[in-house]
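Chain and residue survey
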Amino acid sequence: MTDSFQVAEVKLTYRTKVKASDRPQVSRSADAYRIFWRYWSEDIEMVEEVYVLLLNRANRVLGIVPISRGGQAGTVVDAKMVFVPAVKALATSVVLAHNHPSGHLWPSQADIDLTKRLQSAGQTLDILVQDHLILSPDGEHYYSFADEGLI
């Protein structure tokens, strides 16, 4: 019997040229906010987007990853898209962020449900969801789930 099939090779890589001592450290929500704001797309007041910060045990940033991009009223977040880069980078925790193009900072029920779902998925992988931020397009305000006791 001759098997004639092919199997795709899967490569899992994480590369950095940033020395560990040069990586920013996140010790509070304002630290994460400043990093997110610096890397957010210029479409912050046009479409809703989701990004994730990957952190090591010392809360140093391993990387920032865009996760999803939607419309003005929402976007879809697949937990696999959040945690695949976290696993690749051997992150021990993550901080999520999304923007509200309307400038309204209060989380919707969908935002709260998403956060709970991602916390549960993270627990399975032993990756802590430290915070979830909602950014305002004005560049001055944000909402932190951790600061408000929702994480």
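Residues numbered from 1 in each chain as written. Predicted model: local features only at pLDDT ≥ 70, side-chain atom pairs only at ≥ 80, totals over all residues. Heavy atoms only, no water.

**Things to note about the overall build of the protein chain**
Along the backbone of the protein chain there are three helices and five strands. Secondary structure elements of the protein chain, listed N to C terminal, follow the sequence α-β-β-α-β-α-β-β. Its C-alpha atoms give the protein chain principal-axis dimensions of about 65 × 35 × 30 Å. A total of 151 residues make up the protein chain; the buried ones form 42% of that total. Across the protein chain, every contact between residues at least 6 apart in sequence was considered, and the portion connecting residues at least 24 apart equals 66%. For the protein chain, the exposed surface amounts to about 9,300 Å²; the carbon and sulfur share of it is 52%. (Helix = DSSP H or I, 4+ residues; strand = E, 2+ residues; numbered from the N terminus. Buried < 20%, exposed > 50% of the residue type's maximum accessible area, 1.4 Å probe, protein only. Contact = heavy atoms within 4.5 Å. Areas by Shrake-Rupley, 256 points an atom, 1.4 Å probe, with all protein chains shown as cover.)

**Regarding the side chain of Arg23**
Residue position: Arg23 is located in the segment before α1 (29–39). The side chain of Arg23 is buried and forms no salt bridge, while Asp22, the nearest opposite charge, is found at 8.6 Å. Not counting the four nearest positions on each side in its chain, Arg23 is found in contact with Tyr14, Thr16, Val18, Asn56, Arg60, Val61 and Leu62. (Lys, Arg positive; Asp, Glu negative; His and termini not counted. Salt bridge = Lys/Arg side-chain N within 4 Å of Asp/Glu carboxyl O.)

**Concerning the environment of His104**
Locating His104 in the fold gives a position in the loop between β3 (93–99) and α3 (109–125). Residues His104 and Ser136, 32 residues apart in the sequence, show an inter-C-alpha distance of 7.0 Å.

**What about the environment of Val47?**
Examined against the element boundaries, Val47 turns out to sit in the loop between α1 and β1 (49–55). The class of Val47 is buried, set by a relative accessible area of 14%. Counting along the chain gives 55 residues from Val47 to Ser102, while the straight-line C-alpha distance between them is 9.5 Å. Apart from residues lying up to four places away in sequence, Val47 is in contact with Arg69, Gly70, Gly71, Asn99 and Pro101.

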